[in-house]
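# What the coordinates show
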Amino acid sequence: MLRSIVPITMGETDSHGRYKSFPFDKVYHLSNNPSYRTNARALELLQTIDAAPEDKASKEKFLNVSIRQVVIEMLSHEAVKMSNLGPKRKALKEASRTVLQAAHAVVKRSQQARRALVESMMVFGKHRCSGQEVVEWLSDQHLFCYAPTFAQHG
């Protein structure tokens, strides 16, 4: 999930209107203690969209991650480094372009996934499916969180 985030790193601006380098050394001042309540809430939210870790070991690992670990993980992916992009105006334009390209890629993947989902629904055809078929399909599509809706409106 962190791979879908496009981090933008920047320090303060200098007298020439350029961004200074991001103070990576300050990341190590962040807490390395996990925030169990915050992580538990994040896990709850991820479960509502069927994106939470499923096995017990992964859930336990998720609950024990610290803010420092999350920031380091995010920054380990390709980041937009404002200090490398020139004057502030140009840097902002380039960073915006990069973020929009990343957003466009996510939207495109979502559209492709939606098309695949609609095509997979055609499997049901016009006959009324058994509950087991619907449950299996929801599970295969990672949409099981919507099972109560189907059960309620059957």
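Now for a look at the structure at hand.

The rules behind the values
- Here the residue numbering is sequential within each chain, running from 1 through the sequence in written order.
- For this predicted model, a pLDDT threshold of at least 70 governs which residues receive local features, and a threshold of 80 or more governs which side-chain atom pairs are given and counted, while totals over whole chains, interfaces and linings are taken from all residues.
- Water and hydrogen atoms play no part in the side-chain values, which are based on all heavy atoms of the structure.
- For helices, the fitted axis covers only the stretch in contact; all axes are lines through C-alpha atoms, and the angles between them, taken along N-to-C directions, range from 0 to 180 degrees.
- A run of H or I in DSSP becomes a helix once it reaches four residues, and a run of E becomes a strand once it reaches two; helices and strands are each numbered from the N terminus.
- These descriptions rest on fixed angle ranges, namely under 35 degrees for roughly parallel, over 145 for roughly antiparallel, 65 to 115 for roughly perpendicular, and the rest for oblique.
- Whether two residues are in contact is decided by their heavy atoms: any pair within 4.5 Å suffices.
- Polar here means any residue outside two lists: the nonpolar Ala, Val, Leu, Ile, Met, Phe, Trp, Tyr, Cys and Pro, and the charged Asp, Glu, Lys and Arg; Gly therefore counts as polar.
- Take the buried residues of types Ala, Val, Leu, Ile, Met, Phe, Trp, Tyr and Cys, join any two whose side-chain atoms come within 4.5 Å, and each joined set is a nonpolar core.
- Note on exposure labels: buried denotes an accessible area under 20% of the residue type's maximum, exposed denotes more than 50%, and partly exposed covers the range between, all computed with a 1.4 Å probe on protein chains only.

### Considering the packing of helix H1 (residues 36–48) against helix H2 (residues 56–63)
- Contact geometry of H1 with H2 gives a least axis separation of 8 Å together with a crossing angle of 135 degrees. In terms of orientation, H1 and H2 fall into the oblique class. For the pair formed by H1 and H2, the contact residues are Tyr 36, Asn 39, Ala 40, Ala 42, Leu 43, Leu 46 and Gln 47 on the first element and Lys 59, Phe 62 and Leu 63 on the second.
- Split by residue class, the contact of H1 with H2 holds seven nonpolar, two polar and one charged.

### Some details on the nonpolar core
- Core analysis: the biggest nonpolar cluster contains six residues, these being Tyr 19, Val 80, Met 82, Leu 85, Ala 91 and Ala 95.
- Ignoring any residue separated from it by four or fewer positions in sequence, one finds Ala 91 in contact with Tyr 19, Met 82, Leu 85 and Gly 86.
- One finds Trp 137, Leu 138, Leu 143 and Ala 147 within the second-largest nonpolar core, a separate group that totals five residues.

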